[in-house]
Amino acid sequence: MKDNPIQLEFLKSVLLSQLLLECNENLRYTKQYNGALKHLLNKVNNHLETIVFEEYTRIYKTDAEMTTNILNRVEDIIVKLTTCDLDELVMIDAVIEKYKENKEWFMEHGQAEFLRIE
């Protein structure tokens, strides 16, 4: 799977869909979650849950360790972002832009790797 960019993009989409499901779940506790929105989100969530579960299972069977590592990293990023204040989010956005502009520098001076699952 590591050499297949299409499969990696698909994995990314499946994982982000799972995050969308979790975000939609959190809407249940808001005052805006009623009537048409409640009906629409329930319908979308039910449909997405089926697709995400099937595809995640298929991808997980292909490369369980990589899938788990990616999911853990995505969850870590979400937790970090949701606990930042606005000033920190602006700085994180700037760092991401700098990374996109000069990935080679970050690869040379930064360190990021997936650890093996124990």
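Further up the page is the structure itself.
All residue numbers here refer to positions counted from 1 along the written sequence of the relevant chain. The model is predicted, so local features are restricted to residues of pLDDT at least 70 and side-chain atom pairs to those at 80 or more, both for listing and for counting; the totals for chains, interfaces and linings are taken over all residues. Calculated side-chain values reflect all of the structure's heavy atoms, with hydrogen atoms and water omitted.

What follows deals with the packing of aromatic side chains. Each aromatic ring pair is characterised by the separation of its centres together with the angle its planes make. Here the aromatic set is Phe, Tyr and Trp, taking the six-membered ring for Trp, and pairing holds for ring centres within 6.5 Å; pairs whose planes are under 30 degrees apart are stacked, those over 60 apart are edge-to-face, and all others are tilted. Scanning all chains against the criterion turns up two aromatic pairs. Each ring, one from Tyr-99 and one from Phe-106, has its centre 5.5 Å from the other, and the planes form 75 degrees; the classification is edge-to-face. You can call Tyr-99 partly exposed: its relative accessible area is 33%. Aromatic pair Trp-105 and Phe-106: ring centres 5.1 Å apart, planes at 80 degrees, arrangement edge-to-face. Joined through ring pairs, the aromatic side chains of Tyr-99, Trp-105 and Phe-106 make up one cluster. Throughout, exposure labels follow a simple rule: accessible area from a 1.4 Å probe, protein chains only, divided by the maximum for the residue type, with under 20% read as buried, over 50% as exposed, and the rest as partly exposed.

Here the term patch refers to residues with relative accessible area over 30% and no salt bridge, with like charges joined within 9 Å and nonpolar side chains (Val, Leu, Ile, Met, Phe, Trp, Tyr) within 5 Å. Note on areas: Shrake-Rupley with a 1.4 Å probe; residue coverage comes only from the protein chains shown. One side-chain nitrogen of Lys or Arg within 4 Å of one carboxyl oxygen of Asp or Glu is enough to make a salt bridge. A cluster of nonpolar side chains, contributed by Ile-77, Leu-81, Leu-86 and Leu-89, occupies part of the molecular surface with about 360 Å² of accessible area. Under the DSSP-based scheme used, a helix requires at least four consecutive residues in state H or I and a strand at least two consecutive residues in state E, with every element numbered from the N terminus. Going through the elements one at a time, helix 3 (64-82) and helix 4 (86-101) are the ones with two or more residues in the nonpolar patch. Position of Leu-89 relative to the elements: it lies in helix 4.

This brings us to the environment of Ile-78. With respect to the secondary-structure elements, Ile-78 resides in helix 3. Note on Ile-78: relative accessible area 34%, which makes it partly exposed. For the pair Ile-78 and Ile-51, spaced 27 residues apart in the sequence, the C-alpha separation amounts to 22 Å.

One finds Leu-11, Val-14, Leu-15, Leu-19, Leu-21, Leu-48, Val-52, Ile-59, Met-66, Ile-70, Leu-71 and Val-74 forming the largest nonpolar core, which totals 12 residues. If you list the elements that add at least two residues to this core, you get helix 1 (5-26), helix 2 (35-62) and helix 3. If one sorts the elements of this core by residue count, helix 1 sits on top with five residues. Joining through side-chain atoms within 4.5 Å is the link that ties buried Ala, Val, Leu, Ile, Met, Phe, Trp, Tyr and Cys residues into a set, and such a set is a nonpolar core.

Here the focus is the pattern of salt bridges. What the rule picks out here adds up to two salt bridges. For Glu-25, the salt bridge identified is with Arg-28, shortest N-O distance 3.0 Å. Classification of Glu-25 by relative accessible area gives partly exposed; the value is 31%. Put simply, Lys-98 and Glu-101 hold a salt bridge, and the shortest N to O gap is 3.8 Å. You can see Lys-98 and its partner Glu-101 sitting in helix 4, three residues apart, about one turn around the helix. The pair formed by Lys-98 and Glu-101 is uniform in burial state, with each residue classed as exposed.

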